[in-house]
Amino acid sequence: MATAQETHTYPGDLNDVPGWFWPLDQVLFSWFLERQERRGTRGDLLELGAYLGKSAILLGHHLRDGETLTVCDLFETEPPDAANRAEAAQSYSTLTRRAFERNYLSFHDTLPRIVQDVSSTITDEVGPGTCRFAHIDASHLYEHVHGDIGAARRLLLPDGIVVLDDFRSEHTPGVAVAAWEAVLNRGLRPVCLSSQKLYATWGDPEPVQEELLAALRGRDDVAVTVEQAAGHRLVRARAKGKRMQPPSLPASRHPAPGAPARRADALPGKAAQARPAVRPARPRARRLALDLLPPVVTRAVRRYRAAYCVRCA
């Protein structure tokens, strides 16, 4: 598993932020959030486990007036138990709140509400039944994930969406056990599965599944299959080989040279105009050469850069 990297330059776009938030999940996050907005569903957003802010930045892009994004992470705080300390030392030893805040403020005027503590404290910080969307990506240990799922159930609206990260990765069996236990024994209803994340609800999944199936089958960059398991309909989404059409993404205050200029009315505020663009220029030849590689090679290079090589990401 890759070790976390602290960014030392401002990200020029969302995919410059290190992390494992792949394009398909960016599409799915955006679709669920935009569906809620179309239906007039109001509520706060929640993320347990922020890493360096990649998914939080996208969540903040979908906040509306009167809504709050709460992010809970230990950052550099010492974990409370030995197993958690070992996990943090292996994978997140250089993760800092400062790096998260620098990345987030590259795309937004203000920071989200940050709870720098273990995720088990979140029910003391967020009111029950106030959230419409929750992303769980904190500890991978079974006991913690089990508790995070219980917290999400308490904090979500009846038809709210919860997203469980790493539910099928070989290095996170505790997440898999907690996720499927919740499906089999705790009333969680799957909506869809990507290669990394399980999207689910404690409400009725069928209406949202039907809309999602129609949306995904209308795309030529997503493969969709449907199957039954233990009385649940499972919609599986997989990115095809070609480059995915991205959703609406937040724009950085520090776009890379040659990137389309942000319109004045799209800037988050006057502070954005005053903030200097200090990101070093990327050599144009390197970017063009990457675009000419086969898609499978391009994806592998981008994953490597996201995990190990922040300066060239």
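Further up the page is the structure itself.
Calculation criteria
- Residues numbered from 1 in each chain as written.
- Predicted model: local features only at pLDDT ≥ 70, side-chain atom pairs only at ≥ 80, totals over all residues.
- Heavy atoms only, no water.
- Phe/Tyr/Trp six-rings, centres within 6.5 Å; stacked < 30°, edge-to-face > 60°.
- Buried < 20%, exposed > 50% of the residue type's maximum accessible area, 1.4 Å probe, protein only.
- Helix = DSSP H or I, 4+ residues; strand = E, 2+ residues; numbered from the N terminus.
- 1 Å grid on protein atoms, 1.4 Å probe; cavity = no way out; pocket = protein on both sides within 12 Å on 5 of 7 lines; lining within 4 Å.
- Points joined across faces, edges and corners; volume = space filled by probe spheres on them.
- Nonpolar A, V, L, I, M, F, W, Y, C, P; charged D, E, K, R; others polar.
- Right-handed = clockwise from strand over helix to strand, strands pointing away.
- Pairing = 2+ DSSP bridges.

Turning to the packing of aromatic side chains, a few remarks are in order. With the rule as written, the count across this model stands at nine aromatic pairs. Residues Trp31 and Phe32 carry aromatic rings whose centres are separated by 5.2 Å and whose planes lie at 85° to one another, so their mutual orientation is edge-to-face. With respect to burial, Trp31 and Phe32 carry one shared label: buried. Aromatic side chains Phe32 and Tyr199 sit 5.3 Å apart centroid to centroid with 10° between the ring planes, which places their arrangement in the stacked category.

Bringing unusual backbone geometry into the picture now. Its identity as a non-glycine residue notwithstanding, Tyr51 has a phi of 50°, on the positive side. Relative to the elements of secondary structure, Tyr51 occurs in the loop between strand S1 (44-48) and helix H2 (54-61). A positive phi angle, near 50°, is found at Ala230, a position not held by glycine. Residue Ala230 is classed as exposed on the basis of its relative accessible area, which comes to 62%.

This part takes up the layout of surface pockets. Each pocket or cavity is described by its volume, and for the second largest pocket that value is around 290 Å³. Looking at the lining of the second largest pocket, the elements with two or more residues in it are helix H1 (23-38), strand S5 (156-165) and helix H8 (206-217). Ranked by residue count, the leading element in the lining of the second largest pocket is S5, at four residues. Classifying every residue of the lining of the second largest pocket gives five nonpolar, four polar and five charged.

Okay, the pairing of S5 next. Of all ten residues that make up S5, seven are buried, and the element is covered over most of its length. What joins strand S4 (residues 131-136) to S5 is helix H6 (residues 142-155), and the crossover it makes is right-handed. Note: S5 against strand S7 (residues 197-201), five bridges, orientation antiparallel. Among the inter-strand pairings, Asp165 is bridged to a residue of S7, identified as Lys197.

Here the focus is the pairing of strand S8 (residues 222-229). When a strand is regular, its side chains alternate between the sheet's two faces. The sheet contact formed by S8 and strand S9 (residues 232-239) spans eight bridges and is antiparallel. Bridging from a neighbouring strand, Val222 pairs with Ala239 of S9. Hairpin connection between S8 and S9: a loop of two residues separates the two successive antiparallel strands, and Ala230 in this loop has a positive phi of roughly 50°.

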